Amino acid sequence: MYSQIEIDSKFDGKLQLIYLNQPESYNSLTQIMLAELRSAIHKLGEEDNVRCIAISGKGKAFCAGQNLKEALGFDEDDRTIQRFVIEYYNPLVLEIVKCKKPVIALVNGPAVGAGAMLASICDFTLATESSYFSFAFANIGLIPDTAGTYYLPKLVGRQLASYLSFTGKKVPATEAKIIGLVADVFSDSEFVEKSMEVLTQLSHAATTALYLTKKAFNKSYTLTLSEQLDYESIIQQDAAETEDFKEGVAAFIEKRLPNYKGK
């Protein structure tokens, strides 16, 4: 079905692993890959049975960023890059941010430029100890796109965001965890096992509650404290009306593990 990504399903489809599948180019992003990734996330995010989505890379890299030759040849007018960003990157960003299921980045190697931002816009990132991040846009005379100017300062603060963007410094995964770019780092030998433990938990969690939490976090960027408190009360009621809430309470009272259905 897809030519530049590969999807692996686990737990009867509850977990969907999307692999960027162009290892010979270190999974550099193309029109086809961007469109296929967006399409897959949209489709999987709407499927009731899917509870968690993860993005990783085949081969030695997570993602080496944009395929520059393709981007520069996208069109013949003088707004080539702008059109490319509008038509391919911005829709992908919004698809990930609005997805009803957790979208987790599994960084298995270098994440550079738009590849580093692809990981950073996911709900959280797990990385191998040997991987690194580089927001190297300025090294070729560009700015951080893929929501880089929006999310990077919020993740690490304005000073550090400027430093990383201006210099393109390579940030090892262990340092990335310290500064807030990465949620957790595992040794290369344990990465598959440890990351699957996290994904297993998410794949059997109260999915609607996770989605509502995600929505509330996104709202917090634009609301005042008072407005956010009001919003919390509204979506808390939405959460309280789910089957998973009833199951969670019942499991707590009965001193057993909950069997969430994601509804």
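Structure: above.
Predicted model, so just to flag it, every value in this text is computed and none were measured.

What counts as what
Residues numbered from 1 in each chain as written. Predicted model: local features only at pLDDT ≥ 70, side-chain atom pairs only at ≥ 80, totals over all residues. Heavy atoms only, no water. Core = buried A, V, L, I, M, F, W, Y, C linked by side-chain atoms within 4.5 Å. Buried < 20%, exposed > 50% of the residue type's maximum accessible area, 1.4 Å probe, protein only. Helix = DSSP H or I, 4+ residues; strand = E, 2+ residues; numbered from the N terminus. Contact = heavy atoms within 4.5 Å. Pairing = 2+ DSSP bridges. Axes fitted to C-alpha atoms, helices over the stretch in contact; angles between N-to-C directions. Parallel < 35°, antiparallel > 145°, perpendicular 65-115°, else oblique. Left-handed = near helix turned anticlockwise from the far one by under 90°. Nonpolar A, V, L, I, M, F, W, Y, C, P; charged D, E, K, R; others polar. 1 Å grid on protein atoms, 1.4 Å probe; cavity = no way out; pocket = protein on both sides within 12 Å on 5 of 7 lines; lining within 4 Å. Points joined across faces, edges and corners; volume = space filled by probe spheres on them.

1. Topic: the nonpolar core
- Counting 51 residues, the largest nonpolar core has I55, I96, F133, F135 and L181 as the members making the most contacts within it.
- Considering each element in turn, this core owes the most residues, eight residues, to helix α3 (residues 80-98).
- Excluding its chain neighbours within four sequence positions, the residues that come into contact with F133 are V107, A111, A116, A119, T125, A127, K169, K170, V171, A173, A176 and V182.
- With 12 residues, the next largest nonpolar core counts L15, A54, I104 and F186 among its residues.

2. Details of the pairing of strand β4 (residues 103-107)
- β4 sits mainly inside the fold: five of its five residues count as buried.
- Side chains of β4 alternate between two faces, with V103, A105 and V107 and I104 and L106 buried alike.
- Strand direction decides the pairing type here: strand β3 (residues 52-57) and β4, joined by three bridges, are parallel. Of the residues in β4, the one forming a bridge with I55 is A105.
- Pairing geometry for β4 and strand β6 (residues 124-128), over four bridges, is parallel. Following the sheet pairing, I104 is matched in β6 by F124.

3. Re the sheet that holds β4
- Strand order in the open sheet formed by six strands is β1-β2-β3-β4-β6-β9, with mixed pairing between adjacent strands. Here the strands that pair on one side only, and so sit at the sheet edges, are β1 (5-10) and β9 (184-186). Across the sheet, the mean angle from the axis of one strand to that of its neighbour is 20°, orientation sign disregarded.
- Note that strand β2 (residues 15-20) and β3 share six bridges and pair parallel. Bridging from a neighbouring strand, L17 pairs with A54 of β3.

4. Quick notes on the packing of helix α5 (residues 148-156) against helix α6 (residues 158-167)
- Contact geometry of α5 with α6 gives a least axis separation of 7 Å together with a crossing angle of 125°. The angle between the axes of α5 and α6 places the two elements in the oblique class. At the point where α5 passes α6, the crossing takes the right-handed sense. From α5, L152, P153 and V156 reach across to α6, where they touch R158, L160, A161 and S165.
- When grouped by side-chain class, the residues that make up the contact of α5 with α6 number five nonpolar, one polar and one charged.

5. With respect to the layout of surface pockets
- Estimates place the volume of the largest pocket at around 490 Å³.
- Where the lining of the largest pocket is concerned, the elements lending two or more residues are α4 (114-120), β6, α5 and α9 (207-219).
- Taken together, the residues of the lining of the largest pocket break down into 16 nonpolar, five polar and three charged.

6. A word on the sheet that holds strand β7 (residues 132-134)
- In space, the three strands of this open sheet follow the order β5-β7-β8, with mixed pairing throughout. A strand with exactly one partner marks an edge of an open sheet, and here the two such strands are β5 (111-112) and β8 (171-172).
- Bridging between β7 and β8 involves two bridges; their strand directions are antiparallel. From the neighbouring strand, F133 faces β8, where its bridge partner is V171.

7. Observations concerning the packing of α9 against helix α10 (residues 225-240)
- It is at 10 Å that the axes of α9 and α10 come closest, and there the two elements cross at 170°. Judged by the inter-axis angle, α9 sits roughly antiparallel to α10. Between α9 and α10, the residues in contact are L212, K215, A216 and K219 and Q228, Y231, I235, D238 and A239, respectively.
- Across the contact of α9 with α10, the residue classes tally to five nonpolar, one polar and three charged.

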